[in-house]
Amino acid sequence: MLSAVRNRAGELIGFTKITRDMTERKRAAEELAEHTRQQFAVSELGLHALQIPELQVVMEAAIRVAQETLQVEDVRLLGPTEPPPPMARTAVIHAPENSQPYGVLAAMPKRPLTANDVSFLEAVANVIAAAIVRARIEEQLRLAERRTVEERGRSEQAEAALRERDEFISVAAHELRTPLTALQLKLQGLERGLAAADPRRFQRLEGAVRQTERLSRLIDRLLDVSRIAQGRLDLWLEEFDLAVLVRQVADNFREPAAQARAPLELQLPEKAEGSWDRLRIEQVLVNVLSNAVKYGAGKPVSVKLEVEQERVRLAVHDQGIGIPAEDVSRIFGRFQRAASIRNYGGLGLGLYITRHIVEAHRGTIAVASSVGEGSTFSIDLPRFGLAPAANRNRIRGARA
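Reading guide: rules and limits
Residues numbered from 1 in each chain as written. Predicted model: local features only at pLDDT ≥ 70, side-chain atom pairs only at ≥ 80, totals over all residues. Heavy atoms only, no water. Helix = DSSP H or I, 4+ residues; strand = E, 2+ residues; numbered from the N terminus. Buried < 20%, exposed > 50% of the residue type's maximum accessible area, 1.4 Å probe, protein only. Contact = heavy atoms within 4.5 Å. Areas by Shrake-Rupley, 256 points an atom, 1.4 Å probe, with all protein chains shown as cover. Salt bridge = Lys/Arg side-chain N within 4 Å of Asp/Glu carboxyl O. Phe/Tyr/Trp six-rings, centres within 6.5 Å; stacked < 30°, edge-to-face > 60°. Pairing = 2+ DSSP bridges. Axes fitted to C-alpha atoms, helices over the stretch in contact; angles between N-to-C directions. Arc of directions from axis to C-beta. Polar contact = N/O pair within 3.5 Å; in protein donor to acceptor, adjacent residues only side chain to side chain. Core = buried A, V, L, I, M, F, W, Y, C linked by side-chain atoms within 4.5 Å. Parallel < 35°, antiparallel > 145°, perpendicular 65-115°, else oblique. Left-handed = near helix turned anticlockwise from the far one by under 90°.

Participant: What is the right way to read the overall build of the protein from this model?
Facilitator: A count of helices and strands for the protein gives nine helices and 13 strands. Within the protein, buried positions represent 36% of all 400 residues. Intrachain contacts of the protein at a sequence separation of at least 6 include 67% that bridge at least 24 residues. Accessible surface computed for the protein: about 24700 Å², of which carbon and sulfur atoms make up 52%.

Here's what the structure looks like:
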């Protein structure tokens, strides 16, 4: 721009011209444009990485974008321990879950890189790191899904096998029941005829009758297992005195307890009235008492019954072999045993059936035991938790 220069008299004596240096402004504008272009390139790369699941494709795209945007001859992905080429500018590909990086993004420029160039290279490295994390998570999800499918298949196979076993138990038990009942009736008839006529043969026959009774009890247990598995453990409720029933069951155990040198010691209240299924509760008492006598190591067994306003509690304590801690949680399972079958007989069903009978009465059963110090089985029952069966109504029991 030219400006006239005059003297005091107003005469023109010359001209002036003002010039400005635009280099810095132009450089700043170019840097801003380049930074904007780099940000746009990173944004496009990030969007591409979200849309493309293949990690290798994302890495190839990142290298291409870095190379074109920085206008360098070579961009490489290096391992975490691989040294970069001389004069290369690098950006670490960080691993968020640990201190060891995934690797390094290395660029070999012809010119010195600006601060914006270095920031861009680091942004590209972050996109690669995010893609690696995503790929690893997706791989873990695929493995977890595959395991889930495999476990579901195994679970379905196991459930099918259990159903087949329950069906077999039910059919076999019913098939055995009919001929066994007929055999028992015939043996009982012979027993009555030989009682006075031939005492020697009568004793032999008496042993056979006891064996059939034992088989009958085993079949009853198998049938109970089948009923529990099918959710058909029915209760026939009536009001009665539990203390009287405990005493009756204990009296029946006097002889086997004496033979095992495990005398029963009773602590019973005068009355313990409530509404329960008499036969099922008797079954519970027989199971826990027989276990106490069997595993009591020839020491006294105590039976204690306590009555509260709404509940009764029965504790059966023996001083025998006890139960290992690792077995306590499984002894109430089906066909589960804590003691070796070589030393102690049984199918491992008594406590399983007992638990379901107690739970069908809305009660609980628990055991406290130490190896070599004996066991205490505690049964807690509501006295009138279920309505008394005026017409012997059936109450649906617990499902296994």
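Participant: Looking at this model, I keep getting lost on the pattern of salt bridges. Mind explaining?
Facilitator: Side-chain pairing between opposite charges can occur once the charged atoms of the two side chains come close. By the definition in use, this model includes 11 salt bridges. In this structure, the salt-bridge partner of R311 is D380, at a minimum N-O distance of 2.4 Å. Of this pair, R311 sits in strand β10 (residues 311–318) while D380 is found in strand β12 (residues 374–382), placing the two residues 69 residues apart along the sequence. Residues participating in the shared-partner salt-bridge network are E308, R311, R313 and D380.

Participant: Before we go on, may I ask you to explain the packing of aromatic side chains in this structure?
Facilitator: Each aromatic ring pair is specified by the distance between its two centres and by the angle formed by the two planes. Throughout the structure, instances matching the rule amount to two aromatic pairs. Measuring from ring centre to ring centre gives 5.3 Å for F240 and W276, while their planes differ by 65 degrees; the resulting arrangement is edge-to-face. Of this pair, F240 sits in strand β6 (residues 235–241) while W276 sits in strand β8 (residues 273–277), and the two are 36 residues apart along the sequence. Exposure class is identical for F240 and W276. Each is buried. An angle of 80 degrees between the planes, with centres 6.2 Å apart, marks the rings of F332 and F377 as edge-to-face. Note that F332 is positioned in the loop between α8 (325–328) and α9 (350–360) and F377 in strand β12, a separation of 45 residues in sequence. Both residues of the pair, F332 and F377, belong to the buried class.

Participant: Even after reading the chapter, I still don't get the sheet that holds strand β4 (residues 89–93), so can you show me in this structure?
Facilitator: Within a sheet, adjacent strands bond to each other through the backbone by hydrogen bonds, running parallel or antiparallel. What the three strands build is an open sheet, ordered β3-β5-β4; its pairing is antiparallel. Each edge of the open sheet carries a strand with a single partner, namely β3 (74–78) and β4. Looking at each pair of strands side by side, their axes are set apart by 20 degrees on average, direction ignored. With five bridges joining them, β3 and strand β5 (residues 103–108) adopt antiparallel strand pairing. Looking at the pairing, D74 lines up with M108 of β5. Against the sheet, helix α2 (residues 55–70) touches β3 and β5, its axis set at about 145 degrees to β3.

Participant: Before we go on, may I ask you to explain the sheet that holds β12 in this structure?
Facilitator: Read across the open sheet, the five strands follow the order β7-β9-β10-β12-β11; overall the sheet is mixed. Across the chains shown, the open sheet's two edge strands, defined by having one partner strand only, are β7 (264–267) and β11 (364–370). Mean inter-strand twist for the sheet, computed between neighbouring axes without regard to direction, equals 15 degrees. In this structure, β11 lies alongside β12, joined through seven bridges in antiparallel fashion. Its bridge partner being in β12, I365 is matched across the sheet by I379. Here helix α5 (residues 242–252) sits on the sheet in contact with β7, β9 (301–307) and β10, set at roughly 170 degrees to β9.

Participant: I would appreciate a short explanation of α5 in the present structure.
Facilitator: Among the residues of α5, L242, A243, L245, V246, V249 and A250 are the ones counted as buried. Angular distribution of buried residues about the axis of α5 spans 160 degrees; they occupy a single face of the element. Its side-chain oxygen at 3.0 Å from the backbone nitrogen of A243, D241 defines the N-terminal cap of α5.

Participant: What exactly am I supposed to notice about the nonpolar core here?
Facilitator: Looking at soluble globular proteins, one finds that nonpolar side chains tend to be buried together. If you look at the biggest cluster of nonpolar residues, it comprises 45 residues, and the most contacted ones within it are L242, L264, I281, L305, V316 and I379. For this core, the elements supplying multiple residues, two or more each, are β6, α5, α7 (278–294), β9, β10, α9, β11 and β12. The greatest single-element share of this core, amounting to seven residues, is contributed by α7. Counting residues in each nonpolar core, the second largest holds 28 residues, with L70, Y102, L105 and A129 among its members.

Participant: For this particular structure, what's the right way to read unusual backbone geometry?
Facilitator: Of note, the phi angle at M87 is positive, near 70 degrees, even though the residue is not glycine. Mapped onto the fold, M87 is located in the loop between β3 and β4. Given a relative accessible area of 76%, M87 falls into the exposed group.

Participant: For this particular structure, what's the right way to read the side chain of N287?
Facilitator: Note that N287 resides in helix α7. Polar contacts involving the side chain of N287 include one to the side chain of T354, which spans 2.9 Å.

Participant: Please clarify how the packing of α5 against α7 should be interpreted in this entry.
Facilitator: The relative placement of two packed helices is expressed as an angle between their axes plus a distance between the axes. Where α5 contacts α7, the axes come no closer than 10 Å and their chain directions differ by 45 degrees. If you check the angle between α5 and α7, you find them oblique. As α5 runs across α7, the sense of the crossing is right-handed. Contacts between α5 and α7 involve L242, L245, V246, V249 and A250 from the first element and R278, I281, E282, L285, V286 and L289 from the second.

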